[in-house]
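This is what each chain is made of:
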Amino acid sequence: MSRSLVYELEDLSNARSPFKTCHNIAVALDGLQTSPFYKRIKRLGVVTPG
């Protein structure tokens, strides 16, 4: 099983874990326009244009 699929499935879990917390932080930092990491975090399994 690919790691990207595991991380995406982890996001669907109701239980809290360090992996889920880190995943949520990375997604938030990548999505906030005021974040210094905006669109700079490359997530596996996410298609980027070009």
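Our structure's up above, just so we're on the same page.
Residues numbered from 1 in each chain as written. Predicted model: local features only at pLDDT ≥ 70, side-chain atom pairs only at ≥ 80, totals over all residues. Heavy atoms only, no water.

Caption draft 1: Representation of the side chain of Asp 30. Examined against the element boundaries, Asp 30 turns out to sit in helix α2 (residues 18-31). Asp 30 sits in the buried class, given a relative accessible area of 15%. Look past the residues within four positions of Asp 30 in its chain and what remains in contact with it is Phe 37, Tyr 38, Lys 39, Arg 40, Ile 41 and Arg 43. (Helix = DSSP H or I, 4+ residues; strand = E, 2+ residues; numbered from the N terminus. Buried < 20%, exposed > 50% of the residue type's maximum accessible area, 1.4 Å probe, protein only. Contact = heavy atoms within 4.5 Å.)

Caption draft 2: Structural view of unusual backbone geometry. Located in the positive-phi region is Lys 39, a residue other than glycine, with phi close to 60°. By secondary structure assignment, the location of Lys 39 is in the segment after α2. Residue Lys 39 is classed as exposed on the basis of its relative accessible area of 65%.

Caption draft 3: Focus on a nonpolar patch on the surface. On the surface, a cluster of nonpolar side chains totalling about 760 Å² of accessible area is made up of Met 1, Leu 5, Val 6, Tyr 7, Leu 9, Leu 12 and Phe 19. Given the relative accessible area of 65%, Leu 12 is considered exposed. (Patch = residues over 30% accessible without salt bridge, like charges linked within 9 Å, V, L, I, M, F, W, Y side chains within 5 Å. Areas by Shrake-Rupley, 256 points an atom, 1.4 Å probe, with all protein chains shown as cover. Salt bridge = Lys/Arg side-chain N within 4 Å of Asp/Glu carboxyl O.)

Caption draft 4: Seen up close, the environment of Asn 14. Of note, Asn 14 is situated in the loop between α1 (3-12) and α2. In sequence terms Asn 14 and Ala 28 are 14 residues apart; their C-alpha atoms lie 18 Å from each other.

Caption draft 5: Expanded view of α2. Its 14 residues give α2 an end-to-end C-alpha distance of 20 Å, which sits within 8% of 20 Å, the value for a rise of 1.5 Å per residue. For α2, the full list of buried residues reads Lys 20, His 23 and Asp 30. All buried residues of α2 fall inside an arc of 100° around its axis, so they share one side. Every exposed residue of α2 that faces more than 90 degrees away from the buried side is listed here: Pro 18 and Cys 22. The inward-facing, buried residues of α2 contact α1. (Expected span 1.5 Å × (residues − 1). Arc of directions from axis to C-beta.)

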